[in-house]
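Summary of structural features
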Amino acid sequence: MKPGILIISHGSRDTAWVMIVEEAVSGLSLREEIPVAISFLELVEGRLIQDGIDELEHAGVTDIMVIPLFMSSGSTHVDEIEYALGAKPEPERETDLELFTVQARIHYGYPVDDDPDIAIMVWDKLRDVSKDPAKETILLIGHGSVHDGFRQRWQEGITSLAKRVREVSGVAAADYALLNPDNVRSKVEYWREQGHDVLVAPLFLSEGYFTKVVIPEKLEGLTYRYSGRTLLPHPLFPHWIERQVERLLERIRGEG
């Protein structure tokens, strides 16, 4: 058995976005030397998922540990990639993604969802806009989903993460809102009516159109504090990947 790691993110035409993902992965400190490939679902020519599979298999990898760098198991991309890699027999929703050519055994990991490291990262990005935690509510804003089943997974993960963020930050309350279906504006209005200052935290990997345009437009005219800072870059993110790799390695060796 020779394990390898395939890290899959969405992809962007913005080279800075791609570099942020690459920098996060370059910070990995694994206990043993394992080949790592970074791939993208779309938009990054020569770095797509099949390219990553081919790279690892060319290096002799027999077992590929897949780390999906997506914010929630409620992402339809997490579902369709798992199917296209052959890790599940059917996707939960119809997809245009064709099956990849894979010889190695696939061990599919999990997206961000809810994790102690992620909660610390969220708070670290918000500290600068916090003034009086006892009077503040942190509102996590995620992409969400309009699809049944997927929406509920988004809600489950982000609800649990909000609780962790409240614990590490010491604020009065923590809540969430989703862009799909859209309840962002109503959540800010609710907490303002309760007399709280609202700190808005975008739950996205890196900055882009949603964090710079969509969220501010939805909250236009409301009173809130917003750093616009996303999870990456952050020194804890490689640690989140490392812990997942260790768990997958234990599972693989247990099966062997």
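Refer to the preceding data block for the structure.
Okay, so let's go over this structure. (Residues numbered from 1 in each chain as written. Predicted model: local features only at pLDDT ≥ 70, side-chain atom pairs only at ≥ 80, totals over all residues. Heavy atoms only, no water.)

Okay, empty space enclosed by the protein next. Enumeration over the complete set of coordinates arrives at 1 cavity of 30 Å³ or more. The computed volume of the largest cavity comes to approximately 50 Å³. Lining the largest cavity are Val122, Lys125, Leu126, Ala201, Pro202, Ser227, Arg229, Thr230 and Leu231. Only helix H4 (116-126) and strand E7 (197-202) provide two or more residues apiece to the lining of the largest cavity. Element by element, the count of residues in the lining of the largest cavity is highest for H4, at 3 residues. Class assignment of the residues belonging to the lining of the largest cavity gives a composition of 5 nonpolar, 2 polar and 2 charged. (1 Å grid on protein atoms, 1.4 Å probe; cavity = no way out; pocket = protein on both sides within 12 Å on 5 of 7 lines; lining within 4 Å. Points joined across faces, edges and corners; volume = space filled by probe spheres on them. Helix = DSSP H or I, 4+ residues; strand = E, 2+ residues; numbered from the N terminus. Nonpolar A, V, L, I, M, F, W, Y, C, P; charged D, E, K, R; others polar.)

Our next topic: the packing of aromatic side chains. Inspection of every chain in the model, using the stated rule, returns 7 aromatic pairs. Seen from their ring centres, phenylalanine 204 and phenylalanine 210 are 5.7 Å apart, and the 15 degrees between their planes marks the pair as stacked. Looking at phenylalanine 210, the relative accessible area reads 32%, which means it is partly exposed. Where tyrosine 224 meets tyrosine 226, the ring centres are 6.3 Å apart and the plane angle is 55 degrees; that geometry is what we call tilted. Given a relative accessible area of 22%, tyrosine 224 falls into the partly exposed group. We note lysine 187 situated over the ring of tyrosine 176; from NZ or CZ to the ring centre the distance is 4.6 Å. (Phe/Tyr/Trp six-rings, centres within 6.5 Å; stacked < 30°, edge-to-face > 60°. Buried < 20%, exposed > 50% of the residue type's maximum accessible area, 1.4 Å probe, protein only. Lys NZ or Arg CZ within 6 Å of the ring centre and 35° of its normal.)

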